[in-house]
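Here is how the chains run, residue by residue.
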Amino acid sequence: MMKALVTGPDDGGIGDALDAEGVETIRVEGVATAASLDVAGIADADLFVLTDVADATAISIAKEANPDVKVVVYSRESLPEFARGQADLAVDPELLGPDVVAEELA
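Right, let's walk through the structure included here. Bear in mind that the values here come from a model prediction, so they are computed numbers and not experimental data.

Considered for burial, the residues of helix α3 (residues 57-65) that qualify are A58, I59, A62 and K63. The arc enclosing the buried residues of α3, seen along the axis, measures out at 135°, which places them on a common side. The secondary structure elements touched by the buried residues of α3 are α2 (34-40), β3 (47-50), β4 (70-74) and α4 (81-84).

Encoded structure:
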């Protein structure tokens, strides 16, 4: 079963959409730190979904813990330049709804 960690506020509903596609979805509450990602299971996650680009440093933390994790940014805001190279996919919720994105990711 595919496993996804979702961090940040999920106003766009990507977490629920992933759940509906049969993806084991774990929500990381608060700021994503090395400790919180470790507890959530980043080491064996297939997807790391970031919804708040202000927390973009979490991408580096996730990739350090699991170099194979696919990083998806699901936000209306632009990803900071320093994190763009580490994200596999960046999607604006206004352009693609959560159901479409989740279906493609699953």
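Back to the write-up after that little detour.
Here the focus is the environment of V6. Inspection of the secondary structure puts V6 in strand β1 (residues 3-7). Accessibility expressed as a relative area gives 1% for V6, which makes it buried. Considered as a pair, V6 and V31 are 25 residues apart in the sequence and their alpha carbons are 11 Å apart. Once residues within four sequence positions are removed from consideration, V6 is found in contact with I14, G15, L18, T25, I26, R27, V28, V49 and T51.

Our next topic: the nonpolar core. In terms of nonpolar packing, the biggest core is built from 20 residues, with L5, L37, I42, F48, I59 and L79 touching the most fellow members. Element by element, the count of residues in this core is highest for α3, at three residues. Sequence-distant contacts of L79, defined by excluding residues within four places in its chain, comprise V53, A56, I59, V73, R84 and A87. One finds A17, L18, V101 and A102 within the second-largest nonpolar core, a separate group that totals 14 residues.

A surface patch of like charges, here negative, comprises E21, D99, E103 and E104. With respect to the element layout, D99 can be found in helix α5 (residues 98-105).

It is worth spelling out the sheet that holds strand β2 (residues 24-28) at this point. Spatially, five strands are ordered β2-β1-β3-β4-β5 in an open sheet, and the strand pairing comes out parallel. Each edge of the sheet is formed by a strand with only one pairing partner; in this case those strands are β2 and β5 (89-91). Looking at each pair of strands side by side, their axes are set apart by 20° on average, direction ignored. Strands β3 and β4 of the sheet are contacted by α3, whose axis makes an angle of about 170° with β3. Contacting β3, β4 and β5, α5 crosses the sheet at an angle of about 175° to β4.

In this section: the layout of surface pockets. Each pocket or cavity is described by its volume, and for the largest pocket that value is around 180 Å³. Residue lining of the largest pocket: P9, D10, D11, G12, T51, D52, V53, Y74, S75, R76, E77 and P93, and that is the complete set. Residue composition of the lining of the largest pocket, grouped by class: four nonpolar, three polar and five charged.

Turning our attention to the pattern of salt bridges. For the coordinates displayed, the defined rule picks out six salt bridges. Between R27 and D16 there is a salt bridge; the shortest N-O distance is 3.0 Å. Residue R27 is found in strand β2, and its partner D16 is found in helix α1 (residues 14-20); the two are separated by eleven residues along the sequence. According to the relative accessible area criterion, R27 is partly exposed, its value standing at 34%. Each of the salt bridges in this network shares a partner with another, and the network as a whole consists of D16, D19 and R27.

Scoring rules and cut-offs
- Residue positions are given per chain, counting from 1 as you read along its sequence in written order.
- Thresholds applied to this predicted model are a pLDDT of at least 70 for local features of residues and 80 or more for the giving and counting of side-chain atom pairs; totals over whole chains, interfaces and linings are not thresholded and use all residues.
- Derived side-chain values reflect all non-hydrogen atoms in the structure, with water molecules and hydrogen atoms excluded from consideration.
- Three exposure classes are used, based on accessible area relative to the maximum for each residue type with a 1.4 Å probe and protein chains only: buried under 20%, partly exposed in between, and exposed over 50%.
- Labels follow the DSSP assignment, with helices taken as runs of H or I lasting at least four residues and strands as runs of E lasting at least two, numbered in each case from the N terminus.
- This arc is built from the directions going out from the helix axis to the C-beta atoms.
- Residue contacts are counted whenever heavy atoms from the two residues lie within 4.5 Å of one another.
- Nonpolar cores are built from buried Ala, Val, Leu, Ile, Met, Phe, Trp, Tyr and Cys residues. Side-chain atoms within 4.5 Å join them into one set.
- Only residues whose relative accessible area exceeds 30% and that take part in no salt bridge are eligible for patches, with like-charged residues grouped when within 9 Å of each other and nonpolar side chains (Val, Leu, Ile, Met, Phe, Trp, Tyr) grouped when within 5 Å.
- Values of accessible area rely on a 1.4 Å probe in the Shrake-Rupley scheme; residue burial ignores everything except the protein chains shown.
- Note on definitions: salt bridges are taken to be side-chain nitrogens of Lys or Arg within 4 Å of carboxyl oxygens of Asp or Glu.
- Neither His nor the chain ends contribute to the count of charged residues, in which Lys and Arg are positive and Asp and Glu negative.
- A single reference atom marks each charge: NZ on Lys, CZ on Arg, CG on Asp, CD on Glu.
- Strands are treated as partners if at least two bridges between them are detected by DSSP.
- Angles run from 0 to 180 degrees between N-to-C directions of axes, and those axes are lines fitted to C-alpha atoms, restricted for helices to the stretch in contact.
- A pocket, in this scheme, is an open set of points on a 1 Å grid over the protein atoms alone with protein on both sides within 12 Å along at least 5 of 7 lines, while a cavity is a set where a 1.4 Å probe fits but cannot get out; residues line either one if an atom lies within 4 Å of a point.
- Grid points are joined across faces, edges and corners, and a volume is the space filled by probe spheres set on the points.
- Charged residues are taken to be Asp, Glu, Lys and Arg, nonpolar residues to be Ala, Val, Leu, Ile, Met, Phe, Trp, Tyr, Cys and Pro, and polar residues to be all remaining types, Gly included.

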